[in-house]
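What follows is the residue order along each chain.
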Amino acid sequence: MSDMTTAQEITAEVVVERLRGALAALLEMAPAELDADVPLSAYGIDSMTSFVLVGDLERWCGAELRTEATLGGLTMTEAADEVMSALRAQSKE
Amino acid sequence: MNTPTEATATPASVPTHTGRDARTLVEALIARSAGSDADRTVVTALDAAGDPIESLTPVELDRRARALAAALRETGGAGDRVIVPALPGLDFHIGFLGCLYAGMIAVPVPAFRTAARGGTTSRAERLAAICGDCDPCAVLVSTQEDADEADAELLPGVRWIAVRQPDAPEAAGAALPDPVALDPATTALLQYTSGSTGDPRGVVVRHGNLVANQAAMRDRCEVEPTTTIVSWLPFFHDMGLCTAVVLPLVSDATTVTMEPATFVRDPRVWLRAIAAEDDVFTAAPDFAYDMCVNRIPAEERAALDLSTWRVAVNGSEPVRAATQRRFAEAFRTSYFREEVFSPGFGLAECTLVVSVSRSLEPPVVARYDRDALAEGKAVPTSVAADGLELVGCGTVVDDVHVAVADPGTRHRLADRVVGEIWVDSPGNCGGYWGRAQESAEVFAARLAGADEDLDRTYVRTGDLGFVDGGELFITGRIKDVLIIGGENYFPQDAEAVAVDAHPAFAQQRAAAWPLSEDDRGVAVVVETTVRDPEVLAAAVRAAGIAVAKVLPTAVSVYAVPRNKVPRTTSGKIRRRACAQQVLAGQLEPLARWSSRRTDGAA
């Protein structure tokens, strides 16, 4: 239930920043070096490594992202859209 | 040995109760489900935490495969294609074998979203391309609920069928397996290898190919009924399908599987599953071993006992000596020994394995003079600075014959001369689905002027390498192909999108190539007439993003003045020469962009 209160505060920008932090930690890069419009695969996140990020996002935002979703081909901006639509779908249920 | 006085062949009617003598996978499973092994688990699926979700005995797997086969035969006939996505748990095993029992051709593909959803993904496009190529009659999903909810528009004209079916009615069950499933010449599956959506090529793999190839893997790696195969590889990949589904059936071994996502989320799950078994065979690409070192902290390694790990096949990507050394050093505390690594070479066109090192023999790592290699000669050197370290991919497995050939003259080359690797093997497949001409070129090549080889036809692998003392070494690719995550992509794709990404590059020439042997990623050079640094900075970024959207790897883009990209006299782009010029600093870029850290040389 606490997830719902968090969910209401989450915006696409917040997701991008969360993702940026997780990605920077994973890649040992500075967050500022990551461009939100570049597909994550270009940073070495293959379709499989992206499950790490999906797992991290799921735990954080409380929404279940589709398990077959792979973030690898998405940009941070697009991934944030995925999270937002998952949160919206969840709050409707 | 007895003198053969009678001309009778081994009677085929004697039931063997083992998969080790079977000629098809269906025969292997039926034999096993009638023998002493009938009630011993053949395959177990683990969940994301490493706990078992489901186990099946040969009898149960046989029953479920028959039930699905009966349902499939209501939709199509023998020889029809069925899409088998990488379904979770044991649904892929059941789905794949169900197709074979029905005499139908399985087409393994990555998992995809089946429910209605707006927009397209590259995965959906790739699936559509594969369906366009092989014209399937059905696609498998896990449950009836999935089938009911599936978006019919995703694959028009194709039936959605649940893997999990009620037991087949006796009449339908008795007619199964279809007689063609017991014939080694029957096509078992189409293995699609290309990551490019524009060019799906399905390798036609027959039952006899699967059995012969994985029996050779079994014998080389000494996979016994007491061996457990622990795999996280995707089932739609040749190495995953062969080692986790085929190998256990032809060796009477047991398999423990987990989803690729499980391994990637937490590689410890894989290693713990290995530690839990007595005699373990695994297969994985080079990057998996790096991932284990990077993601499992030193203090946790000591808690793992990997002494039961006997064979770790390293293949499907270039094998790096540094990776194996690093892993062996990192996990020495877990009782891992470097000789557990069995580097290998293989390709889907030959089913899978061509060569692989023997179980528990130290890996062959040799240093060859870099300049001599560039001229096609493998000259050993002891000077570290001059040498390129190569890992031997073992000797060829039983019944496989390799020739290193000059790709132009088709003449056989001597030992330690670099050429194209040609393979004659019982695993050599039947060609690419529906592509007769290309199949003849790739699957039925003949050497020129070699008398003893008149009857041999070879698969041309497109890989460059040499043989030294019987050991096969791979040095690169003959064609301009980018191999990313085990899949082939074409540089033309990257060049086209780079040029289209920004007006500064419109109508210009581009050249794309892999960054280097040790470095995953792609570099693209684009010509331009623009000199404004701000415009160029925007252009290289736009091109980089566009390329990254079609090639799932690290990308670097360089803008260079017009007519700087080297080409042949007929105007074809010389990608390799371009790469060398950039690396050597001879081609000075006007602007550059890289998805990598700026301190990383590209």
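Summarised in this report is the structure supplied together with it. Note that the coordinates shown come from a computational prediction; the quantities given were computed from them, not determined experimentally.

The next subject is the overall build of chain A. The helix and strand inventory of chain A stands at four helices and zero strands. Taken across its 93 residues, chain A has 51% of its residues classed as buried. Long-range pairs, those at least 24 residues apart, make up 57% of the contacts in chain A between residues at least 6 apart in sequence. Here chain A displays about 4400 Å² of accessible surface, and carbon together with sulfur accounts for 53% of that area.

This brings us to the overall build of chain B. Of regular secondary structure, chain B possesses 18 helices and 27 strands. Burial analysis of chain B (602 residues in total) assigns 56% to the buried set. The contacts of chain B with a sequence gap of at least 6 include a subset with a gap of at least 24, amounting to 70%. Entry remark: accessible area of chain B is about 24800 Å², with carbon and sulfur atoms responsible for 50%.

All names here are of chain B. The four strands are arranged β18-β19-β20-β21 in an open sheet whose pairing can be described as antiparallel. Each edge of the sheet is formed by a strand with only one pairing partner; in this case those strands are β18 (401–405) and β21 (471–477). Strand after strand, the sheet turns through a mean of 50° between neighbouring axes, direction not considered. Examined bridge by bridge, strand β19 (residues 419–424) and strand β20 (residues 459–468) share four bridges and lie antiparallel to one another. Looking across to β20, one finds that glycine 419 is bridged to glycine 465.

Residues and elements named next belong to chain B. Burial within helix α1 (residues 25–33) is extensive, with seven of its nine residues counted as buried. Here α1 has its buried residues at Leu25, Val26, Ala28, Leu29, Ala31, Arg32 and Ser33. Considering only its buried residues, α1 is in contact with α2 (58–72), α3 (91–101), α7 (207–221), α8 (238–251) and β10 (254–257).

Cut-offs applied
Residues numbered from 1 in each chain as written. Chains lettered and ligands numbered in written order. Predicted model: local features only at pLDDT ≥ 70, side-chain atom pairs only at ≥ 80, totals over all residues. Heavy atoms only, no water. Helix = DSSP H or I, 4+ residues; strand = E, 2+ residues; numbered from the N terminus. Buried < 20%, exposed > 50% of the residue type's maximum accessible area, 1.4 Å probe, protein only. Contact = heavy atoms within 4.5 Å. Areas by Shrake-Rupley, 256 points an atom, 1.4 Å probe, with all protein chains shown as cover. Pairing = 2+ DSSP bridges. Axes fitted to C-alpha atoms, helices over the stretch in contact; angles between N-to-C directions.

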